[in-house]
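Structure at a glance
Chain by chain, the residues run as shown.
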Amino acid sequence: MFKYILKRILISIIILFGVSIIVYSLMRMMPTDFIDNKYAEQLQNGTITQEQIDEFKEMFGLADNSFGGIIKGYFGWLGNLMKGDLGYSFKYEKPVGQVISENMWISFSIAIIATILQFLIAIPLGIVSATKQYSAVDYIVTIFTMIGLSLPTYFFAAIAIKFFAVDLGILPFGGLISATASYPETFLGALQKLGDMAYHLILPIFVSVILSLGGLMRYTRTNTLEVLGADYIRTARAKGLSERTVIYKHAFRNTLIPIATLLAGILPSLFGGMMITEQVFGIDGIGRLSYNALVDSDIPFVMGYNMFLAILAVIGTLLSDIMYSIVDPRVKLTK
């Protein structure tokens, strides 16, 4: 197991190196950069000259967009990364690592809670749908699945805000805490603030869960139907075992084997989805900050955020392989 994990880590380093080259090259090849965006209005009204803008670009290493300039800029960024320095955010005027560490916890909380709820809801519904194939329950779950797969995040979030926040008025429609709230610097005040934040996160988590259920439910249903047709399931039924025992003891574990492979993409996809969700709900998490940084071509921050997602994907892939060996004893991680 140790040798396998060490080998995967070494391969992951090569993958991360390739991802960083692609992302940095794409960012540098964009038609505008942070300096152009920041001083576009001043350039139009004549308060700043193009020569001054070129000097700023030279200061930030953005002046030369030739192949050689991009390569030089990349290895400069890579050299700083080797020292543990993700660079300095142009937009937020702080070290990138500091901005990520200060704002990732809201996104991380939403992603983790949404992931747990997604598994707790989607897997049982998928199993029930498979065991009651072509019934009313199966059709309802299938429709629910298609809705989750088809609706864009911003569209469904807008519907949720309109229904729960505007029409019913039972949930807030944005932000992390109430605009008029004031909490004392005490333990009770901290609990009240935490409760207010949890109340504001109900709708974003609801949207994230609903939109991520469809794929997992469909995958669970398909795998369960395949397992239920296996010879050992027919043998278990022939022995007189109850249907509940056949499904949840014999079929369930084998259903989990292919589902374990989905673990690799869940966390990075949820964090990637946070970019839209946080933008719609006005939550200053890492997703919204990265969206604004991308709009303004803040190369250091975008690089840091994308490497953060790439590391999550690599970790998720490794965890997926380990989970695969746990749910299926026939798999041995020895190579």
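Below is a short write-up of the structure. (Residues numbered from 1 in each chain as written. Predicted model: local features only at pLDDT ≥ 70, side-chain atom pairs only at ≥ 80, totals over all residues. Heavy atoms only, no water.)

One pass over the full model with this rule turns up seven salt bridges. For E102, the salt bridge is made with K94, and the minimal N-O distance between the two is 3.5 Å. Salt-bridge contacts for D231 lead to R234; the nearest nitrogen and oxygen are separated by 2.2 Å. Of this pair, D231 and R234 both sit in helix α10 (residues 231-238), three residues apart, which is roughly one turn of that helix. (Salt bridge = Lys/Arg side-chain N within 4 Å of Asp/Glu carboxyl O. Helix = DSSP H or I, 4+ residues; strand = E, 2+ residues; numbered from the N terminus.)

Its 42 residues give helix α9 (residues 187-228) an end-to-end C-alpha distance of only 53 Å, which falls more than 12% under 62 Å, the value for a rise of 1.5 Å per residue. L213 marks the point of greatest bend in α9, at about 35°. (Expected span 1.5 Å × (residues − 1). Bend = angle between axes of the 7 residues up to and from the residue.)

Backbone geometry follows two general trends: most residues other than glycine have a negative phi, and most peptide bonds adopt the trans configuration. Here E93, not a glycine, exhibits a phi torsion of approximately 50°, which is positive. Take E93: it is sitting in the loop between α5 (67-82) and α6 (96-131). Although it is not a glycine, Y134 sits at a positive phi angle of roughly 65°. Turning to its location among the elements, Y134 is positioned in the loop between α6 and α7 (136-150).

Mapping I202 onto the fold places it in helix α9. Its relative accessible area of 40% is what places I202 among the partly exposed residues. I202 sits 31 residues away from L171 along the chain, and the two C-alpha atoms are 7.8 Å apart. (Buried < 20%, exposed > 50% of the residue type's maximum accessible area, 1.4 Å probe, protein only.)

In this structure, I110, L203, V207, L213, I233, F281 and I283 are the most contacted members of the largest nonpolar core, which totals 35 residues. Contributing elements (two or more residues each) for this core: α6, α8 (153-167), α9, α10, α11 (243-259) and α12 (263-281). Element by element, the count of residues in this core is highest for α9, at 13 residues. If sequence neighbours within four positions are ignored, I110 has contacts with L201, I205, S208, M274 and I283. Judged by nonpolar contacts, the second largest core, of 34 residues, contains I70, L289, V302 and V314. (Core = buried A, V, L, I, M, F, W, Y, C linked by side-chain atoms within 4.5 Å. Contact = heavy atoms within 4.5 Å.)

Take α8 next. Owing to its 3.6 residues per turn, the α-helix brings residues three or four apart onto one side. With 15 residues, α8 extends 20 Å from end C-alpha to end C-alpha; this agrees with the ideal 21 Å at 1.5 Å per step. Remark: the principal bend of α8, roughly 25°, maps to I161. Considered for burial, the residues of α8 that qualify are F156, A157, A160, I161 and A165.

So, about the packing of helix α1 (residues 2-28) against α5. With their axes 10 Å apart at the nearest point, α1 and α5 run at an angle of 130° to one another. When the axis of α1 is compared with that of α5, the two are oblique. As for how α1 packs across α5, the hand of that crossing is right-handed. Where α1 abuts α5, its residues F17, S20, I21, Y24, S25 and R28 lie against G69, I70, G73, Y74, W77 and L78. The class makeup of the residues in the contact of α1 with α5 is seven nonpolar, four polar and one charged. (Axes fitted to C-alpha atoms, helices over the stretch in contact; angles between N-to-C directions. Parallel < 35°, antiparallel > 145°, perpendicular 65-115°, else oblique. Left-handed = near helix turned anticlockwise from the far one by under 90°. Nonpolar A, V, L, I, M, F, W, Y, C, P; charged D, E, K, R; others polar.)

Taken together, the side chains of F2, L6, I9, L10 and I13 present a nonpolar region at the surface, about 520 Å² in accessible area. Examined against the element boundaries, I13 turns out to sit in helix α1. (Patch = residues over 30% accessible without salt bridge, like charges linked within 9 Å, V, L, I, M, F, W, Y side chains within 5 Å. Areas by Shrake-Rupley, 256 points an atom, 1.4 Å probe, with all protein chains shown as cover.)

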